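Geometric and topological summary
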Amino acid sequence: MAEKMDRRKFVGTTLSGLCTIPLGGEVTSLVSFPTGTSPKHEKILLATTDYYDNILHRKFLFERKHLDVLHKYLASLGVTRHQWIVDTIWNFYDPGSNGFDLLAEAAESAQQYGIEFYAEIKPFEGGGFGNTLPLSLPVPIGKAIKDLRGIYPVVRPFVAKNPHLCLKRRPGTWEFNGTVSVIRLVKGDDKPTQIKPQHLEIWTSSSNNSFEQYEGPVSFRESVEWRATFPKSKTCRIINLEGLDIPSGHKYILIRCKFREGNGHFSNERGNIIELSDQNNRKIPFILSTGRVDYNTQHSHYNNYIHNKIVRYYQDAEVQEEFTNRGKAEKHYRNFYSFDERRRLTEPYSFDGEGYIVVACGKPEYMLGNLHPIYPEVREHWLGMIRFCLERGVDGINIRHSNHTRSPEDWEYGFNEPVIKTAGRRTDYPTIRRINGNAYTQFLRKARDLVKNYHKSIIIHLYSQMLMPDDRVGRTNYLPPNFEWQWETWVKEIADELEFRGAWTFRPENLRQVLETYSEVTKKANKPFYFQVNMKELSSALEESSHYQFTREELEMVQNNSEYKGFVLYETGNFTRINENGDLEGNADLEKLLKSYKWKNR
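First things first, this report covers the structure right here in the doc. Quick caveat, the model's predicted, so the values are computed rather than measured.

**Considering the overall build of the protein**
The secondary structure content of the protein amounts to 19 helices and 29 strands. Relative to the 2.2 N^0.38 estimate, which gives 25 Å for 602 residues, the radius of gyration of the protein is 26 Å and therefore close to what a compact globule would have. Across the 602 residues in the protein, those meeting the buried criterion constitute 57%. Once local pairs closer than 6 in sequence are excluded, the contacts in the protein between residues at least 24 apart make up 80%. On the protein, roughly 25800 Å² of surface is accessible, and the fraction owed to carbon and sulfur atoms is 47%. Here the protein carries 81 positive and 77 negative side-chain charges, and the mean point of each set is 2 Å from the other.

Shown next as structure tokens:
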């Protein structure tokens, strides 16, 4: 398995790519941002709040006094616009939520301190990501969503009721209707292996828990065969388990290896280490597990004060009974395995190092949470989210396309039947992407019309990965796949203002290319363009001291370049901490840095 990185390790690894230490020991920045020639234009300072992150490790929800102290602090920094992410995968905005209208109160609080208040909408953030729960647990209608990977307890109610409106996988690439007759374990080279038949066990399950040992027929054969590996094909050593008669309905298969040797030598990429075939030697689609999950791990998530308050699934009486009764709950977790779809297929996997491989036959039919704008009811649902915000007195709407639903095979999604029908049954990528992109731009036009009916402004995100893939190793895309992102049309015809997001996803040379590409178009359109800070540089603001050298360089870039009209602090939960009494803790170094620049007043 890949090494788990904590925040400190991540920051250290990231910075190692941004600076070099000469023999004398002095740290010299290699970051090179574009600079302009007009530093005289005052810029605006913006801040964004993802409320979930502000309260995650607290034992209280915000009241008006918490909102007021936050806005008073932001105003003292020079912030003149506050952007509040409205995320309905949580119950913050459900009717009758303790009689406190969070969004209306936040808008009124900001305006009281002379700060514009914008609602930030994430249309594609419908839930269906993160850790799954066992399929044998209850699935209350409208409070959870499930597929072959398990139950997702965090989901927008509209998505939970309409999973068929999410991005669908290409036909013929996900279905599993037969039985597994052959399992092939494929080594990444043709070198001999010490794994023998006596080292292997096969276990199966119909529900991804309570696996039963397979006692049916099986023959063991070792071979060396050609495989189309990347970047060059080669011969690989293969362990063939043939003549299998897996019980009907048992789509979860566990292969255990009792031979263990150090970190393991029987290794390959996750996407290539195992193959499944039926009795006619047809390949069977599958997904590979990312590891076993125990009850204690997931009970801690349920037992978190905030999650217990804001996750609709955990508030269901039947669910509570299953989780609070350890005897009942633990039976669901007997040999329960996770299928985290955020792991890339190219990551290494060692069979004898891990000691097992678990697969689920079939593929997820939908990218859960990523609703498809080809459906009129989806577009209306998204417009309803915007209307909800406008009715609560916000000054504008900010639309962000990135989200947390991801897949290691995202290239196969976005092939919904109405899209294929519109394409005349064609399924080539250019055609599908154009139709998907047209549908999303159609929504954005409707969103603009709605916002303008309220005489408000609309900002649209320009995300880094619209132009280039993430530079970080092993990262999957935060954008819905197979969309033609028609950002130039958005800039010229739809948006009043634009915000760049994704600075942390690129090395400096690629970041510069993307910024210059976007800013050239926004400048020609005479539309304000705001730069969102590298959030990884702010993420440890309250845990460790920082000189904010990287943030300073970004500030200098914005201040000295006429093509940028503002600087976005993302997010307030990274640099403020508010206790239950309403006392706020900030970061003196960041305060000093921000106050060293002159920001435009509202």
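Moving on from the coordinates now.
**A short note on the nonpolar core**
Ranked by size, the top nonpolar core spans 133 residues in total, and within it W84, Y313, F323, I386, I397, Y440 and W490 carry the most contacts. Examining the composition of this core, we find that nine residues originate from one element, helix α13 (residues 429–453), more than from any other. Not counting the four nearest positions on each side in its chain, I386 is found in contact with I121, I397, I399, F443, A447, L450 and V451. The next biggest cluster of nonpolar side chains, apart from the first, holds 38 residues, and it includes C257, I284, L288 and Y337.

**A word on the side chain of R472**
With respect to the element layout, R472 can be found in the loop between β24 (457–463) and α14 (487–494). Given a relative accessible area of 13%, R472 falls into the buried group. A polar side-chain atom of R472 sits 2.8 Å from a polar atom in the side chain of D470.

**Some thoughts on the sheet that holds strand β23 (residues 396–399)**
Pairing between the strands of a sheet is mediated by backbone hydrogen bonds and can be parallel or antiparallel. In space, the eight strands of this closed barrel follow the order β3-β4-β5-β23-β24-β25-β26-β27, with parallel pairing throughout. Each adjacent strand pair in this sheet contributes to an overall mean axis angle of 25°, direction not counted. Both strand β3 (residues 44–49) and strand β27 (residues 566–570) contribute to a ladder of five bridges, which runs parallel. When the sheet's bridge partners are listed, I44 is paired in β27 with G566.

**Details of the pairing of β24**
Across the seven residues that make up β24, a large majority, six, are buried. Where β23 lies against β24, four bridges are found, and the strand directions are parallel. Paired with G396 across the two strands is S457, which belongs to β24. Relative to strand β25 (residues 497–501), β24 is paired through five bridges, and the arrangement is parallel. Following the sheet pairing, I459 is matched in β25 by E497.

**Brief notes about the pattern of salt bridges**
In total, this model carries 38 salt bridges according to the counting rule given. Of the charged contacts, one joins R170 and E412 as a salt bridge, the two residues approaching to 2.9 Å between their closest N and O atoms. Taken together, the residues span a long stretch of sequence, with R170 in the loop between β8 (166–168) and β9 (182–186) and E412 in the loop between β23 and α12 (417–422) at a distance of 242 residues. Residue classification places R170 among the buried residues on the basis of a relative accessible area of 17%. In this structure, K363 and E409 form a salt bridge, with 2.5 Å as the shortest nitrogen-oxygen distance. Taken as a pair, K363 in the loop between β21 (356–361) and β22 (366–371) and E409 in the loop between β23 and α12 lie far apart in primary sequence, 46 residues in all.

**Considering the state of the cysteines**
Per the counting criterion, the structure on display carries zero disulfides. We note that C236 lacks a disulfide partner, and the nearest cysteine sulfur, in C257, lies 18 Å from it. Owing to a relative accessible area of 0%, C236 belongs among the buried residues under this scheme.

**Notes on the environment of S205**
Assignment of secondary structure puts S205 in strand β10 (residues 200–205). Spatially, the C-alpha atoms of S205 and G216 are 14 Å apart, while their sequence positions differ by eleven residues. Other than its neighbours up to four places away in sequence, S205 contacts F211, G249, H250, K251 and Y252. A distance of 2.8 Å separates the side chain of S205 from the backbone oxygen of N209, its partner in a polar contact.

**Brief notes about the packing of helix α6 (residues 295–303) against helix α8 (residues 317–324)**
At a minimum axis separation of 11 Å, α6 and α8 run at an interaxial angle of 135°. In terms of axis orientation, α6 runs oblique to α8. Two packed elements cross with a definite hand, and for α6 against α8 that hand is left-handed. Where α6 approaches α8, its residues Y295, H299 and Y302 are matched on the opposing element by Q320, F323 and T324. Within the contact of α6 with α8, the residues separate by chemical class into three nonpolar, three polar and no charged.

**Section: the sheet that holds strand β12 (residues 219–227)**
Spatially, four strands are ordered β12-β13-β9-β16 in an open sheet, and the strand pairing comes out antiparallel. On the outer flanks of this sheet lie β12 and β16 (274–277), each paired with one strand and no other. Mean inter-strand twist for the sheet, computed between neighbouring axes without regard to direction, equals 25°. With four bridges joining them, β9 and β16 adopt antiparallel strand pairing. Considered in β16, the bridge of I183 is made with L276.

**With respect to the environment of K456**
Take K456: it is sitting in the loop between α13 and β24. The spacing of K456 and G130 is 326 residues in sequence and 35 Å in space, taken between C-alpha atoms. Those residues within four positions of K456 in sequence are excluded, and the remaining contacts are L390, V394, D395, G396, V451 and D496. Polar contacts involving the side chain of K456 include one to the main-chain carbonyl oxygen of V394, which spans 3.4 Å.

**Brief notes about the packing of α13 against α14**
Running from amino to carboxyl end, α13 crosses α14 at an angle of 20°, the nearest separation of the two axes being 11 Å. Overall, the two elements α13 and α14 adopt an arrangement that is roughly parallel. The chirality of how α13 crosses α14 is right-handed. Contacts between α13 and α14 involve Y440, T441, L444, R445 and R448 on the former and, on the latter, T489, W490, E493 and I494. Within the contact of α13 with α14, the residues separate by chemical class into four nonpolar, two polar and three charged.

**Some points on the packing of aromatic side chains**
The full count for this structure, using the stated rule, is 35 aromatic pairs. For the pair F124 and F483, a centre-to-centre distance of 5.7 Å together with 75° between the ring planes defines the contact as edge-to-face. Placement of F124 in the loop between β5 (116–121) and β6 (145–147) and of F483 in the loop between β24 and α14 is noted, with a sequence separation of 359 residues between them. With centroids separated by 5.6 Å and ring planes inclined at 85°, the aromatic side chains of Y333 and F336 adopt a geometry described as edge-to-face. Aromatic rings pair up to connect Y51, F60, F62, W84, F92, Y93, F117 and F388 into one cluster. Against the face of F388 rests R392, its NZ or CZ located 3.8 Å from the ring centre.

The rules behind the values
- Think of each chain on its own: its residues are numbered from 1, step by step along the sequence as written.
- Selection of residues for local features in this predicted model requires a pLDDT of at least 70, selection of side-chain atom pairs for listing and counting requires 80 or more, and totals for whole chains, interfaces and linings are taken over all residues.
- Note that the side-chain values use all heavy atoms of the structure and ignore hydrogens as well as water.
- The helix count covers DSSP runs of H or I at least four residues long, the strand count covers runs of E at least two residues long, and both are numbered beginning at the N terminus.
- Only C-alpha atoms enter the radius of gyration; for comparison, a globular chain is expected to reach 2.2 Å times N to the power 0.38, where N is the number of residues.
- With a 1.4 Å probe rolled over the protein chains alone, any residue whose accessible area is under 20% of its type maximum counts as buried; one over 50% counts as exposed, and the rest are partly exposed.
- Note on contacts: a residue pair qualifies if any of its non-hydrogen atoms lie within 4.5 Å across the two residues.
- Note that accessible areas follow from Shrake-Rupley with a 1.4 Å probe, and for residues the cover is restricted to the protein chains shown.
- Charge assignment: positive for Lys and Arg, negative for Asp and Glu; neither His nor the chain ends contribute.
- The atom standing in for a charge is NZ when the residue is Lys, CZ when it is Arg, CG when it is Asp and CD when it is Glu.
- As used in this record, nonpolar core signifies buried Ala, Val, Leu, Ile, Met, Phe, Trp, Tyr and Cys residues forming a set joined through side-chain atoms within 4.5 Å.
- Identification of polar contacts relies on pairs of N or O atoms within 3.5 Å, with a donor-acceptor requirement for protein atoms, meaning one able to donate a hydrogen and the other able to accept it, and with residues adjacent in sequence counted only if both atoms are side-chain atoms.
- Pairing between strands is defined by DSSP: at least two bridges between them are needed.
- Fitted lines through C-alpha atoms serve as axes, helices being fitted only where they are in contact, and the angles separating the N-to-C directions of these axes extend from 0 to 180 degrees.
- Whenever Lys or Arg places a side-chain nitrogen within 4 Å of a carboxyl oxygen from Asp or Glu, that contact is recorded as a salt bridge.
- A pair of sulfur atoms, both from cysteines and within 2.5 Å, is called a disulfide here.
- Here the word oblique covers every angle except those under 35 degrees (roughly parallel), over 145 (roughly antiparallel) and from 65 to 115 (roughly perpendicular).
- Helix crossings fall into two classes, left-handed where the near helix is turned counterclockwise from the far one by less than a right angle and right-handed where it is turned clockwise.
- For this classification, Asp, Glu, Lys and Arg are treated as charged, while Ala, Val, Leu, Ile, Met, Phe, Trp, Tyr, Cys and Pro are nonpolar and the rest, including Gly, are polar.
- Any Phe, Tyr or Trp ring, taking Trp's six-membered ring, that has another such ring centre within 6.5 Å forms a pair; planes under 30 degrees apart are called stacked, those over 60 apart edge-to-face, and the others tilted.
- Here, a charge over a ring is recorded when the distance from Lys NZ or Arg CZ to the ring centre is within 6 Å and its angle to the ring normal is within 35 degrees.

These figures come from the coordinates and say nothing about function on their own.
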